[in-house]
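Chain and residue survey
The primary structure of each chain is shown beneath.
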Amino acid sequence: MQPGVQHVALSRDGRTLGAGSVEKPVQLWDVATGKPGLTLRGCPKGSISSAFSADGEWLATAGGDGAVRLWNIKPD
Amino acid sequence: MSETDVFGPLLEARLRQACADLRARLRARLPGRVEEVLSQDAELAGNPEAVLELIYAEWTTREELGEPPERAERLVKWVRRHPVVAALSAVLVGGAAASVTSISLLWLRAEGALADREAALRDLRDEKKKVEWNLSRLQLAAAREAWTADNLDEARRLLDECDPALRDDDWRALHRACHALRHVSPVLPTPPVFVAFGSDDQAVVAMAHGGAYFWHRNSPDPPRPFEVPLPCHGLSCTGDRQVVLLSVDIGRVDLIDCSLADGKVLRKLTFEGALDFGGFARLSPDGRRMALVRFQKEEIEVLDLRGGPSRKLKLKSRGRPCRSPSARTDAGWRPSRPTAWFRGTSTPARGRSPGTSGSRSPAWPSPRTGPPQSSETRSRPAPPKSCWWTSPPGRCDTPWCSRGCSTWP
């Protein structure tokens, strides 16, 4: 786990964990294997909070720059 | 003396010489049958006329007396008879032969040069492939560097410029990472601290200091603000147009049900003294459950906000399944039913957390048998009309929500 995690979010199915902070981008993790997944870069000032959608395909982050970002995390 | 007596020996001698000449020059030989006849019939051999007749007869029967002259000899004779034509033919044949020879040599030389050029071209192509591969690697590295620096536009541009034939798994992984960001809302006046999806996964609610913003991700409209009555410490969406706000203030936990349509407060529920000795509360993503974490207790209390039983999860379970308050093992969430303290069967003291009345919590239903059918359950009193989420708005007589219910519309 990256240092300085300030918020975490767990998907509804419990398979994906998202963790981030104002310094680091949101990193997705596979809960079953513990392996890191997608890294969501594009927040210049990091993120303050995050939430998964009900179907687990979207992640919303509250950025430190005041914008809300929606990420499509559906695997290919 | 007759003519036959005079020319007979001469003719015979001449014939024998002709035969010898024929044998010598043309390597001709009489058919075996003629020689055989001559050798057996001495009289016939001594009679040139008979021999001539025999030869004539053999010739007329198309039996060859000797082999035809060779082609070279005939050619020599033909050349002697036609020297000009032979010379021209020789020139033509010689020129043709020289031409064919030189053309063949030139052909072979061209073939060699072509093979050399093809080999060189093949080497150049291999070198070009290596250069293109190295270039694509460099471009991918540059795109990754741009992506690391949060410059998604530059990273996407560099990825799009990569040769489609050289796009491998690394390119696809980076492409996916660069295109994961789909929507960016306008910058809110104050940085949002909580976000939540609506039940349809289309609406997004962002909670900031001093207000909340509702945004539809497929709508071009900017986020719409609405007022929030209390400082927010948690956020969840229960429906398309409803949001539950969590506010914690000096041990008191407030749950506020707001309408996203107009920002109006629909309901309010207050848990007095739920976190008297410190702690924090969290809402589930669907807004139906709330977890209370108290610093002085090594357990997490989960409250079903729809009226179900509360659960206490021990923090030091060491991997064992979480247990319900009735000590029955259950690893997952169960269908909720009204809790004892919501039904009014338990009357905790005012200012006391409702979850602390764990001894009065109903038995956790068995996963196989469903809700218990005990006499206590069947004879439990009906929930109050103004209970949280389960009754129309009105004044609630439940002690711990009397303050909040007083603000219901």
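Residues numbered from 1 in each chain as written. Chains lettered and ligands numbered in written order. Predicted model: local features only at pLDDT ≥ 70, side-chain atom pairs only at ≥ 80, totals over all residues.

Side note on the overall build of chain B
Each helix and strand in chain B was counted, giving eleven helices and 13 strands. Here the analysis covers contacts within chain B between residues at least 6 apart in sequence; of these, 43% occur between residues at least 24 apart. (Helix = DSSP H or I, 4+ residues; strand = E, 2+ residues; numbered from the N terminus. Contact = placed C-beta atoms within 7 Å.)

Some words on the interface of chain B and chain A
Listed per partner, the contact involves 30 residues of chain B and 31 residues of chain A. Elements supplying a minimum of two residues to the side of chain B that touches chain A: α6 (83-148), α8 (169-178), β1 (181-184), β2 (192-197) and β3 (203-208) of chain B. Class assignment for the residues of the side of chain B that touches chain A results in 20 nonpolar, five polar and five charged. Pairing of strand β7 (residues 68-72) of chain A with β1 of chain B involves three bridges; the strand directions are antiparallel. Within the sheet, the bridge partner assigned to R69 of chain A lies in β1 of chain B and is V184 of chain B. (Nonpolar A, V, L, I, M, F, W, Y, C, P; charged D, E, K, R; others polar. Pairing = 2+ DSSP bridges.)

A look at the packing of α6 of chain B against α8 of chain B
Residues and elements named next belong to chain B. Contact pair α6 / α8: the axes reach a minimum separation of 11 Å and the direction vectors enclose 25°. As summarised for this structure, α6 and α8 are arranged roughly parallel, according to the angle between their axes. The way α6 lies across α8 gives a crossing that is left-handed. Packed against α6, whose contacting residues are L140, A143, R144 and W147, the element α8 presents D170, W171, L174, A177 and C178 at the interface. Residues that form the contact of α6 with α8 fall into these classes: seven nonpolar, no polar and two charged. (Axes fitted to C-alpha atoms, helices over the stretch in contact; angles between N-to-C directions. Parallel < 35°, antiparallel > 145°, perpendicular 65-115°, else oblique. Left-handed = near helix turned anticlockwise from the far one by under 90°.)

Focus: helix α7 (residues 152-161) of chain B
Residues and elements named next belong to chain B. Where α7 is concerned, the buried positions are A155, L158 and L159. Buried residues of α7, seen end-on, are gathered within an arc of 100° and therefore sit on one face of the element. Those residues of α7 that are exposed and angled more than 90 degrees off the buried face are D153, D160 and E161. If you follow the buried residues of α7, they end up packed against α6 and α8. (Buried ≥ 20, exposed ≤ 12 C-beta atoms within 10 Å, placed from the backbone. Arc of directions from axis to C-beta.)

A short note on the environment of V265 of chain B
Mapped onto the elements, V265 of chain B comes out in strand β9 (residues 265-271). C-beta crowding within 10 Å serves as the criterion here: with 18 such atoms nearby, V265 of chain B is assigned to the partly exposed category.

Remarks on the environment of L275 of chain B
Residues and elements named next belong to chain B. Following the sequence through the fold, L275 ends up in the loop between β9 and β10 (279-283). Note on L275: 21 C-beta atoms within 10 Å, which makes it buried. Residues L275 and L292, spaced 17 residues apart in sequence, show a C-alpha to C-alpha distance of 7.7 Å. With residues near it in sequence (within four places) discarded, L275 still touches V248, G251, V253, A281, L292 and R294.

Looking at the pairing of β10 of chain B
Two faces make up the sheet, and in a regular strand the side chains alternate between them. Residue and element names in this part refer to chain B. Where β10 and strand β11 (residues 289-294) come together, five bridges link them in antiparallel fashion. In the sheet register, A281 faces β11, and the bridge partner there is L292. In this structure, the hairpin formed by β10 and β11 is closed by a connection of five residues, where G287 is found at a positive phi of approximately 75°.

Notes on the confidence of the model for chain B
Residues and elements named next belong to chain B. Predicted confidence across chain B gives a mean pLDDT of 72, with 69% of residues reaching 70 or more. The secondary-structure element of chain B with the lowest mean pLDDT is helix α9 (residues 340-343), recorded at 32, while α6 shows the highest, at 94. Here residues 317-409 is modelled with pLDDT under 50, and outside its nearest four sequence neighbours on either side it reaches 153 contacts, counting other chains as well. Both scores are available for the predicted complex, with the pTM at 0.57 and the ipTM at 0.89. (pLDDT = per-residue confidence, 0-100.)

Focus: the sheet that holds β10 of chain B
Two pairing modes exist for strands in a sheet, parallel and antiparallel, and in both the strands are linked by backbone hydrogen bonds. All names here are of chain B. The four strands lie next to each other as β10-β11-β12-β13, forming an open sheet whose pairing is antiparallel. The strands lining the two open edges of the sheet, one partner per strand, are β10 and β13 (311-314). Taking each pair of neighbouring strands and ignoring which way they run, the sheet shows an average axis angle of 20°. Here β11 runs beside strand β12 (residues 299-304); their pairing, made up of five bridges, is antiparallel. Note on β12: the bridge partner recorded for R289 is D304.

What about the nonpolar core?
Of all hydrophobic cores here, the largest spans 72 residues; its most connected members are V195, V204, V205, A206 and L246 of chain B. The leading source of residues in this core is β3 of chain B, at six residues. Both domain 2 (86-178) and domain 3 (192-405) of chain B contribute no fewer than three residues apiece to this core. In this structure V195 of chain B touches S49, S50, A51, A60, T61, A62 and V68 of chain A together with V204, V205 and A206 of chain B, once residues within four positions along its chain are discounted. (Core = buried A, V, L, I, M, F, W, Y, C linked by C-beta atoms within 7 Å. Domains from an automatic or database assignment.)

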